[in-house]
Number of protein chains: 2
Amino acid sequence: MAFTLSPPLPHLLPPKTSRAGPSLFLCQPSSSSRMGQQPRAGSKLMEFPHLLDPHRDTMLSLISAVESRLGSHLLPSSVPPDVEYYQNESGTSQGTLCVRCGIDSSPVDFILASWLHLEQPTGGGALDITNIAGYLKSSTDVPHFQFELVQCSPTYFILFLDLIPRRDTVRHPDYLKTFYEDTQLEARRKRLVQLPEVQPYFSSSLYFRGVVSPTGILVSIKCEEGGRERVEEIIREHIGPISNEVAGIWMDMCVGEGGGEVREAERAELEKRDSFIKSKAIEMDLSSSLPKQFGQEVADRVLRVIKSVYKT
Amino acid sequence: MAFTLSPPLPHLLPPKTSRAGPSLFLCQPSSSSRMGQQPRAGSKLMEFPHLLDPHRDTMLSLISAVESRLGSHLLPSSVPPDVEYYQNESGTSQGTLCVRCGIDSSPVDFILASWLHLEQPTGGGALDITNIAGYLKSSTDVPHFQFELVQCSPTYFILFLDLIPRRDTVRHPDYLKTFYEDTQLEARRKRLVQLPEVQPYFSSSLYFRGVVSPTGILVSIKCEEGGRERVEEIIREHIGPISNEVAGIWMDMCVGEGGGEVREAERAELEKRDSFIKSKAIEMDLSSSLPKQFGQEVADRVLRVIKSVYKT
């Protein structure tokens, strides 16, 4: 989803944090402009500083899976270096952005990855947000992919993992059956929410709630008792594997045989719906939060790239 | 919503209960066929047997509010007596159904109310389900109203309280703003879910999850510690007042000035979406569960009435 993808979403963060000025981040294109390769010397990409090990490992594993499965579908990243990595004036908040567009013959529109480290102005520590999203073209109605993991404190995380519907599921029960029921996505959600530390999370944005699929995983993970060790265990043993499974299901849909093809006449409708999601994401998450966190000049630079990718 | 309205929904009930054979119930038309008047001698309508006092009071209060605000919009009930009240062969399970259709000039399509007492064949006690729903015509795009309160055990309830969107909120953010944001529905949801006994509830039906609005209240209430007394308190102090507020907001929309009018050209789309919701409700909740609970003959009789009201 637009929102949560690129600039990490105020609407996903707890009200207090979000007011403090969340924003945008995306991670790691390398200098060779291929995810998964070594970053150029001095670049911050693929480093994932500030993260707990299992959080970093989850990102690296997802990027590696996307690279290996969809790499032949993707062009090199065309994000300019000063948007690949950017920071605020004092250098306390940092962001990265990698976007690789699909080649003409691919159903992939673009894959976006990022990390963002946001020092909270109120002295409330830092937020660390990581994000991988896959948007598809209107030649297919396969859902978009979204993974976002936010570290709000050493023992408090928010996870958004979903295949974002491209159609109104009320009007298209067959869509629900193909992409959500037959793929057993609910079983993955259930595995995660059965953990006592995991609770449903309600975004402050009503719009965003409507964007999430019926099997969307939108949860908070609070480990006050087990502490950092338990958080690491949950990410390593549960969030990592489940995220990889969902990403695998999504990539099977994208590049697998059959299903998802959209007739020419229906593409405009799909594009229209997608464009609402993207515009709202930028309006809600980026337009106000990026300038607050990084200053207007950096924000303008980053927003320009994101808007060109989102085609909004 | 169709589903939850009339026959109370298997998909809303915990998996075990639902398998035991849920079903349909609707309450109280009186012999004079007006909700809110005294039932005819011998009729079970408006009696709400089996319910805790605050549960009964909540239903009576909602019915009274609908009657007083929308009464002039409604025709008398035309439900035949053997569907107004019905039971299984042994008399252990009982159901009622009241439906009042809107007059020609009203935006109200119909108001449906019911209660259902379902003896569980497994000896697991009884389910008591009460339901009030308001469906509107396609001349307006004001959401439908749905209240459903299910007593699964003396200390375990499920509540579904919502204004069901008539449009895809992703495609229509203005719809979301008018009917969900400006009306402060989220504040009502939050008031309820802040109680420690109240938890988000996930329907087993993915389709149903997509039908619920972003501010929809779909929760379980478990009072293992406080027992029946605490359940009664929660219904009396919280569920009752919040349900009345949401119903009030909905009725303001229905019969208030401005907003919600739909151009002729758009009505077919609205009708199409509504028809999916209704068909799915009957398919999911009634077609299999009613015969199990009441036998084929009674089920056919009740289903015939519901299908004619739903126009499916």
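Calculation notes
- Residues numbered from 1 in each chain as written.
- Chains lettered and ligands numbered in written order.
- Predicted model: local features only at pLDDT ≥ 70, side-chain atom pairs only at ≥ 80, totals over all residues.
- Heavy atoms only, no water.
- Helix = DSSP H or I, 4+ residues; strand = E, 2+ residues; numbered from the N terminus.
- Contact = heavy atoms within 4.5 Å.
- Areas by Shrake-Rupley, 256 points an atom, 1.4 Å probe, with all protein chains shown as cover.
- pLDDT = per-residue confidence, 0-100.
- Buried area = accessible area lost by both parts, 1.4 Å probe.
- Salt bridge = Lys/Arg side-chain N within 4 Å of Asp/Glu carboxyl O.
- Polar contact = N/O pair within 3.5 Å; in protein donor to acceptor, adjacent residues only side chain to side chain.
- Nonpolar A, V, L, I, M, F, W, Y, C, P; charged D, E, K, R; others polar.
- Core = buried A, V, L, I, M, F, W, Y, C linked by side-chain atoms within 4.5 Å.
- Buried < 20%, exposed > 50% of the residue type's maximum accessible area, 1.4 Å probe, protein only.
- Least-squares fit on C-alpha atoms with pLDDT ≥ 70 in both.
- Axes fitted to C-alpha atoms, helices over the stretch in contact; angles between N-to-C directions.
- Parallel < 35°, antiparallel > 145°, perpendicular 65-115°, else oblique.
- Left-handed = near helix turned anticlockwise from the far one by under 90°.
- Phe/Tyr/Trp six-rings, centres within 6.5 Å; stacked < 30°, edge-to-face > 60°.
- Lys NZ or Arg CZ within 6 Å of the ring centre and 35° of its normal.
- Pairing = 2+ DSSP bridges.
- Arc of directions from axis to C-beta.

The name given to chain A in an unreviewed UniProt entry is Red chlorophyll catabolite reductase, with Carpinus fangiana as the source organism.

**Some thoughts on the overall build of chain A**
A count of helices and strands for chain A gives eleven helices and nine strands. Expressed as a percentage of contacts within chain A between residues at least 6 apart in sequence, the contacts between residues at least 24 apart total 68%. Split by element, the accessible area of chain A, about 11800 Å² in all, is 48% carbon and sulfur.

**A short note on the confidence of the model for chain A**
Residues and elements named next belong to chain A. Looking at chain A, pLDDT values average 86 and 85% of them are 70 or higher. Within chain A, helix α6 (residues 185-193) carries the highest mean pLDDT (98), whereas helix α1 (residues 2-5) carries the lowest (34). Per-residue pLDDT stays below 50 along residues 1-9; that stretch engages in 66 contacts with residues further than four places along the chain or on separate chains. Considering only residues more than four positions removed or in separate chains, one finds that residues 16-42, a stretch of pLDDT under 50, has 110 contacts.

**A look at the interface of chain B and chain A**
If you look at the interface, chain B gives 26 residues, while chain A gives 26 residues. When chain B packs against chain A, close to 2400 Å² is buried across both sides, 67% of that on carbon and sulfur atoms. For the pair chain B and chain A, the number of links is four salt bridges. With a shortest N-O distance of 2.7 Å, Asp168 of chain A and Arg273 of chain B are connected by a salt bridge. Taken together, the connections running from chain B to chain A amount to eight residue pairs in polar contact (both at pLDDT 80 or more). Contributions of two or more residues to the side of chain B that touches chain A are made by α5 (173-181), α6 (185-193), β8 (198-200), α7 (206-211) and α9 (264-286) of chain B. At six residues, α9 of chain B tops the list of elements feeding residues into the side of chain B that touches chain A. Residue composition of the side of chain B that touches chain A, by class: twelve nonpolar, four polar and ten charged.

**What about the nonpolar core?**
Judged by nonpolar contacts, the single largest core of 90 residues is most densely connected at Leu159 and Trp250 of chain A. Of the residues forming this core, the biggest block, twelve residues, is contributed by helix α8 (residues 227-255) of chain A. Among residues more than four places away in sequence, those in contact with Trp250 of chain A are Leu70, Ile111, Gly134, Leu136, Val142, Pro143, His144, Phe145 and Leu163 of chain A. Core analysis: the next-biggest nonpolar cluster, separate from the first, contains 89 residues, Ile129, Ala133 and Leu303 of chain A together with Leu159 of chain B among them.

**Quick word on the relation of the copies chain B and chain A**
Of the transformation superimposing chain B on chain A, the axial component is 0.0 Å and the angular component is 180°, with the fit at an RMSD of 0.0 Å. This pairing of chains is accounted for by a two-fold axis. No C-alpha of chain B lies nearer the rotation axis than that of Asp168 of chain B, which sits 2.9 Å from it. Of the interface residues in chain B, 100% have counterparts in chain A that sit at the interface too, so the contact is made through matching surfaces.

**A short note on the side chain of Gln120 of chain B**
Within the element layout of this structure, Gln120 of chain B appears in the loop between β4 (108-119) and β5 (126-136). Among the polar contacts made by the side chain of Gln120 of chain B, one reaches the main-chain carbonyl oxygen of Leu118 of chain B at a distance of 3.2 Å.

**A word on the packing of helix α9 (residues 264-286) of chain A against helix α11 (residues 296-310) of chain A**
All names here are of chain A. With their axes 10 Å apart at the nearest point, α9 and α11 run at an angle of 165° to one another. With respect to α11, the element α9 is oriented roughly antiparallel. The element α9 and its partner α11 pack so that their crossing is right-handed. Counted together, Lys278, Ile282 and Leu286 of α9 and Leu303, Ile306, Lys307 and Tyr310 of α11 form the full contact between these two elements.

**Some remarks on the packing of aromatic side chains**
Enumeration over the complete set of coordinates arrives at 18 aromatic pairs over all chains. Between Tyr85 of chain A and Trp115 of chain A, the aromatic rings sit 6.5 Å apart at their centres with planes inclined by 55°, giving tilted as the arrangement. Residue Tyr85 of chain A is found in strand β1 (residues 85-87), and its partner Trp115 of chain A is found in strand β4 (residues 108-119); the two are separated by 30 residues along the sequence. Judged by its relative accessible area of 2%, Trp115 of chain A is buried. Ring geometry for Tyr175 of chain B versus Phe179 of chain B: centroids 4.8 Å apart, planes at 70°, classification edge-to-face. Within this pair, Tyr175 of chain B and its partner Phe179 of chain B are both found in helix α5, separated by four residues, close to a single helical turn. One aromatic cluster is present, built from ring pairs that chain together Phe110, Tyr135 and Tyr310 of chain A. Note that Lys280 of chain A overlies the ring of Tyr207 of chain A, its terminal NZ or CZ placed 5.3 Å from the centroid.

**A look at the pairing of strand β6 (residues 144-153) of chain B**
All names here are of chain B. With nine of ten residues buried, β6 is to be regarded as a mostly interior element. Where β5 meets β6, seven bridges bridge the pair, whose relative direction is antiparallel. Its bridge partner lying in β6, Asn131 is registered against Glu148. By the bridge criterion, nine bridges tie β6 to strand β7 (residues 156-164) in an arrangement that is antiparallel. Directly across from Gln146, in β7, lies its bridge partner Asp162. The loop that links β6 with its antiparallel partner β7 comprises two residues.

**Thoughts on α6 of chain B**
Every α-helix winds through 3.6 residues per turn, so residues three or four apart in the chain are directed the same way. Among the residues making up α6 of chain B, those that are buried are Leu185, Glu186, Arg188, Arg189 and Leu192 of chain B. The buried residues of α6 of chain B occupy an angular sector of 155° when projected down its axis, which confines them to one face. Turning to α6 of chain B, the residues buried within the fold contact α7 (206-211) of chain A together with β7, α5, β8, β9 (217-222) and α8 (227-255) of chain B.

**Here's the deal with the side chain of Ser243 of chain A**
All names here are of chain A. On the secondary structure map, Ser243 appears in helix α8. At a separation of 2.6 Å, a polar atom in the side chain of Ser243 contacts the main-chain carbonyl oxygen of Ile239. Aside from chain neighbours lying at most four places away, what touches Ser243 is Leu62, Phe147 and Leu161.

**Some remarks on the packing of α6 of chain B against α8 of chain B**
For any two helices packed against each other, the geometry comes down to the angle between their axes and how far apart the axes lie. Residue and element names in this part refer to chain B. The N-to-C vectors of α6 and α8 enclose an angle of 170°; their axes lie 10 Å apart at closest approach. Compared by their axis directions, α6 and α8 come out roughly antiparallel. Packed against α6, whose contacting residues are Leu185, Arg188, Arg191 and Leu192, the element α8 presents His238, Ile239, Ile242, Glu245, Val246 and Ile249 at the interface. Partitioned by chemical class, the residues of the contact of α6 with α8 number six nonpolar, one polar and three charged.

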